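# Fold and geometry: a report
Okay, here's what each chain looks like letter by letter:
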Amino acid sequence: MNLKDFLSRNNTDPKLSELILFFAENGQTIKSGFLKSQNKAGTHNIYGEEQMALDKWADDVLINGLKKTRLVRYIATEEQPGIIEIDNPKNQFGVVIDPLDGSSLIDVNLAVGTIIGIYPGTVLDMGKNMIAAMYILYGPLTTLTFTTGNGVHDFVMDEKGDFHLTAENIKMPDGKIYAPGALRKDYLPAHARFIEILEKDGYKLRFSGSFVADMHQILHKGGMFTYPGIKGKEKGKLRLLFEANPMGKIITEAGGAVSNGKIDILSIKPDVIDYITPIYAGGKKEIGLINRYMNEI
Ligand code: AFP
């Protein structure tokens, strides 16, 4: 079954379906752009990170497309300094986008992704108020994973750019994979204790530098991903709006959990679009453990 038929079979709101299909279609465009350039753009985003030419290109593709179709009112992306408001929009949706997550891996041909969260209105809202979250993973296959709060579903792109259902109502299994970001020498005590427990328990290391790819593996094989707060950088690295919330929504919907180490990330109300947060995402067992350790301090 293709994505369009799946959305209509599940009685998805027609406006939301149109928006999800817009991102699916543009995922194909982004995938086809990887041959264009693997160079640096010579500019930096608001986090001070060097932008790749493809980061900026993918950002333009999505923003210009959304402006043209007027499907949303608010757009915030990891590459833009502020919220873009569309004139005369057809809908009131707000969208948050990481156009190319893990883009520094493109030149070495590793998997990267696009992450999207959809709100009924403003994007400066708690993640739990998202009405849909999705990601497109560009690996050996191009896949699309999404939730509208009614299960998590996986699709694969065919040679014509159409997405077909491969797994419905995915539930995260128990598993022993851990994907820990940051340097061990900078770990804070509760985090160090947590990682030690996982290692003693036989968890296998899997960290690629692409949040989407690492989370997709954890969604299907179990375990947990973390980019923790560290010495001198207590807020960690990942972006609440563009990375943590959409992925947190998906993993929670699949029976897992997401936390900043103390509380559910989806309950944080951001006051700025570049809000940074430590993140722990994965199985309830692992997230429960880190919450316990951190809240003991
Ligand atoms: P880029 O999109 O700038 O490549 O950042 C990727 C990312 O936000 C996330 O996808 C990774 O998990 C994390 O950064 C990797 O960070 P380190 O390079 O510090 O390991």
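Residues numbered from 1 in each chain as written. Predicted model: local features only at pLDDT ≥ 70, side-chain atom pairs only at ≥ 80, totals over all residues. Heavy atoms only, no water.

### Observations concerning the packing of aromatic side chains
Enumeration over the complete set of coordinates arrives at 8 aromatic pairs. A centroid spacing of 6.1 Å and a plane angle of 90 degrees characterise the contact between Phe6 and Phe146, whose relative ring orientation is edge-to-face. Here Phe146 lies in strand β8 (residues 142-147) and Phe6 lies in helix α1 (residues 3-9), a separation of 140 residues in the sequence. Judged by its relative accessible area of 1%, Phe6 is buried. Judged by relative accessible area, which is 2%, Phe146 ranks as buried. Summarising the aromatic geometry, the rings of Phe207 and Phe225 are spaced 5.9 Å apart at their centres and angled 25 degrees between planes, so their arrangement reads as stacked. On the criterion of sequence distance, the pair formed by Phe207 in the loop between β12 (204-205) and α5 (211-221) and Phe225 in strand β13 (residues 224-227) is long-range, its members being 18 residues apart. Judged by its relative accessible area of 2%, Phe225 is buried. Grouped by ring-pair contacts, the aromatic residues Phe6, Phe146 and Phe155 constitute a single cluster. (Phe/Tyr/Trp six-rings, centres within 6.5 Å; stacked < 30°, edge-to-face > 60°. Helix = DSSP H or I, 4+ residues; strand = E, 2+ residues; numbered from the N terminus. Buried < 20%, exposed > 50% of the residue type's maximum accessible area, 1.4 Å probe, protein only.)

### A word on the domain arrangement of the protein
Each assigned domain of the protein is listed with its residue range as follows: domain 1 (3-167) and domain 2 (177-295). With 43 residues of domain 1 in contact, the opposing surface of domain 2 contributes 31 residues. Per-residue buried area on domain 1 facing domain 2 is highest for Tyr47, Leu124 and Tyr135; these three make up 21% of the total on that side. Inspection of the region where domain 1 meets domain 2 yields 1 salt bridge. (Domains from an automatic or database assignment. Contact = heavy atoms within 4.5 Å. Buried area = accessible area lost by both parts, 1.4 Å probe. Salt bridge = Lys/Arg side-chain N within 4 Å of Asp/Glu carboxyl O.)

### Focus: the sheet that holds strand β11 (residues 177-180)
Backbone-to-backbone hydrogen bonds join strands into a sheet, with any given pair of strands oriented parallel or antiparallel. Taken together, the 5 strands give an open sheet; going across it, the order is β12-β11-β13-β15-β14, and neighbouring strands pair in mixed fashion. Strands at the two margins of the open sheet, each flanked by one partner only, are β12 and β14 (257-259). Judged from the 4 bridges that link them, β13 and strand β15 (residues 279-282) form a sheet pairing that is antiparallel. Bridge assignment links Thr226 to a residue of β15, and that residue is Tyr280. Contacting β11, β13 and β15, helix α4 (residues 189-200) runs over the sheet at an angle of about 150 degrees to β13. Sitting on the sheet, helix α7 (residues 284-296) touches β13, β14 and β15, and the angle it makes with β15 is about 155 degrees. (Pairing = 2+ DSSP bridges. Axes fitted to C-alpha atoms, helices over the stretch in contact; angles between N-to-C directions.)

### A word on the layout of surface pockets
In this structure, the largest pocket encloses a volume near 380 Å³. Lining the largest pocket are 23 residues; nearest its centre among them are Asp101, Gly102, Gly209, Lys237 and Arg239. For the lining of the largest pocket, the secondary-structure elements that each account for two or more residues are β2 (50-52), β5 (94-101), α5 and β13. Residues of the lining of the largest pocket, tallied by class, amount to 7 nonpolar, 6 polar and 10 charged. (1 Å grid on protein atoms, 1.4 Å probe; cavity = no way out; pocket = protein on both sides within 12 Å on 5 of 7 lines; lining within 4 Å. Points joined across faces, edges and corners; volume = space filled by probe spheres on them. Nonpolar A, V, L, I, M, F, W, Y, C, P; charged D, E, K, R; others polar.)

### Observations regarding the UniProt feature "binding site: substrate" (unreviewed entry) in the protein
UniProt records the feature "binding site: substrate" (unreviewed entry) at Asp101, Gly102, Ser103, Ser104 and Lys237, using the numbering of this structure. The subset of the named residues that lines the largest pocket consists of Asp101, Gly102, Ser103, Ser104 and Lys237. With respect to the secondary-structure elements, Asp101 resides in strand β5. Other than its neighbours up to four places away in sequence, Gly102 contacts Val112, Gly209 and Ser210. (UniProt positions renumbered as here; feature names shortened; annotations may be inferred.)

### Some points on the site of the ligand
The ligand sits among 16 residues. The nearest are Asp101, Gly102, Phe211, Tyr227 and Glu243. One of the backbone nitrogen or oxygen atoms of Phe211 is found 2.8 Å away from an oxygen atom of the ligand. Residue Lys237 places a side-chain N or O atom 3.0 Å away from an oxygen atom belonging to the ligand. About the coverage of the ligand: the protein hides 78% of its 480 Å² of free accessible area. Put simply, the ligand lies in the largest pocket. For the shell around the ligand, the secondary-structure elements that each account for two or more residues are β5 and β13. Broken down by class, the residue content of the shell around the ligand amounts to 6 nonpolar, 5 polar and 5 charged. (Near = heavy atom within 4 Å. Polar contact = N/O pair within 3.5 Å; in protein donor to acceptor, adjacent residues only side chain to side chain. Areas by Shrake-Rupley, 256 points an atom, 1.4 Å probe, with all protein chains shown as cover. Sits in = over half its atoms within 2 Å of the grid points.)

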